[in-house]
Amino acid sequence: MGSRSPEEFSVLVLASDLGIDARPFLDAQAQIEEQDENWHDCSQYLSDEDFSDLDLLQFIRIQGSDKSGNRILRIVGKYFPAPVVSGERLKKYVFHKIVSELPEGPFCIVYMHSTVQKEDNSPGLTILRWIYEELPPDFKDRLQTVYFVHPGLRSRLLFATLGRFFLSGGLYWKIKYVSRLQYLWEDVKKGEVEIPEFVQSHDDVLEHRPLTDYGIEPDPLHLTEMPSTAHSFGRYEERWTSRECMS
C-alpha cells in the first residue's frame, strides 16, 4: 500500500460496443468525401466523347409515349453490336441518352428481343445489371416499366430463376413480358414507337407457329410442304411384284 510503482499506468476504456454514434466525432472533410463517393455525378457522362457511330445504329432511341404518359426509350437488341462495344462505353452512352434527352419526368423502356443472338447482340446480364445499378436513384424512380417484346424461352427461364438474384427488386418487378405486338398496343398506342420490319416479320412467324415461343420448331425442314412420294413407291413395288410373278 506504499508508493506507486513506476510501471503502473492508467487505461481509458471507450465503450464502442454500446451503440454510441461516433459520426459527430468524425472529421468534417472525411464526411464530405464519404458523401462524394455515394453521389452519382452524371455530368461525367456528358463529356465531349463522340457517340455518332452508336447513334447511327439506332439501337437506342427516344420515341413517343405510352398510354400512361411515360416517354418511351426504345431499344432494339438486334441493332446492338456486342462484340465491338465495351460495357463501359455502353454505360456512358446510356447515361448520355437519358441525361440529354430524358432529363426529367417518368419514362419506360420498350426492349425488342426479336431474333437476338447471344454472341452478337447481348452485352450480358451482368453488364446490364451493372449499368442499372450505376443509375442515380432518381433515374431508377422515374423508370416505370420495361416492356420486354418477344422474350425467348431462354430469357424467360433466366429471369425466372436468376432474375431476383441478379436484378434489384425494383427493376425485376418492372419487367412486363410481351409475347406479341398486339399485346404491346394495350399499353402503347400504335404509331408512338417505330417497329422495325424484321420485328413485325418475327411476330408473324410466332403468330402462325405458337410453339416457337417455347423453343419448339414443329417443322424446321418444312417437310410437310414436300410432295408425297407414297404413290411413286407404290408403282415401283407393283413392278417388282409383276417381275416376280413372271419369273
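Read on for a plain summary of the structure. (Residues numbered from 1 in each chain as written. Predicted model: local features only at pLDDT ≥ 70, side-chain atom pairs only at ≥ 80, totals over all residues. Heavy atoms only, no water.)

Topic: the side chain of Arg180
Note that Arg180 resides in the loop between strand E5 (175-178) and helix H9 (181-184). Within the structure, Arg180 has its side chain in polar contact with the side chain of Glu207 (distance 3.4 Å). (Helix = DSSP H or I, 4+ residues; strand = E, 2+ residues; numbered from the N terminus. Polar contact = N/O pair within 3.5 Å; in protein donor to acceptor, adjacent residues only side chain to side chain.)

Some remarks on the packing of helix H3 (residues 87-101) against helix H5 (residues 125-134)
One can describe the packing of H3 onto H5 by two numbers: an axis separation of 10 Å at closest approach and a directional angle of 40 degrees. Looking at the two axes, H3 sits oblique to H5. Note that H3 runs across H5; the crossing there is right-handed. The residues of H5 that touch H3, namely those facing Gly87, Glu88, Leu90, Lys91, Val94 and Phe95, are Ile127, Trp130, Ile131 and Glu134. (Axes fitted to C-alpha atoms, helices over the stretch in contact; angles between N-to-C directions. Parallel < 35°, antiparallel > 145°, perpendicular 65-115°, else oblique. Left-handed = near helix turned anticlockwise from the far one by under 90°. Contact = heavy atoms within 4.5 Å.)

Some thoughts on the pairing of strand E4 (residues 143-149)
Most of E4 is tucked away, with six of its seven residues classed as buried. When strand E3 (residues 107-112) meets E4, the two strands line up parallel, connected through five bridges. Looking at E4, one finds that Ile109 is bridged to Val146. Strand direction decides the pairing type here: E4 and E5, joined by four bridges, are parallel. The residue bridging Phe148 from the neighbouring strand is Tyr177, located in E5. (Buried < 20%, exposed > 50% of the residue type's maximum accessible area, 1.4 Å probe, protein only. Pairing = 2+ DSSP bridges.)

Quick look at the pattern of salt bridges
Applying the stated criterion across every chain, the model contains nine salt bridges. Salt-bridge contacts for Asp55 lead to Lys97; the nearest nitrogen and oxygen are separated by 4.0 Å. In this pair, Asp55 is assigned in helix H2 (residues 52-57) and Lys97 in helix H3, connecting sequence segments 42 residues apart. Asp55 gets classed as partly exposed once you look at its relative accessible area, which sits at 36%. (Salt bridge = Lys/Arg side-chain N within 4 Å of Asp/Glu carboxyl O.)

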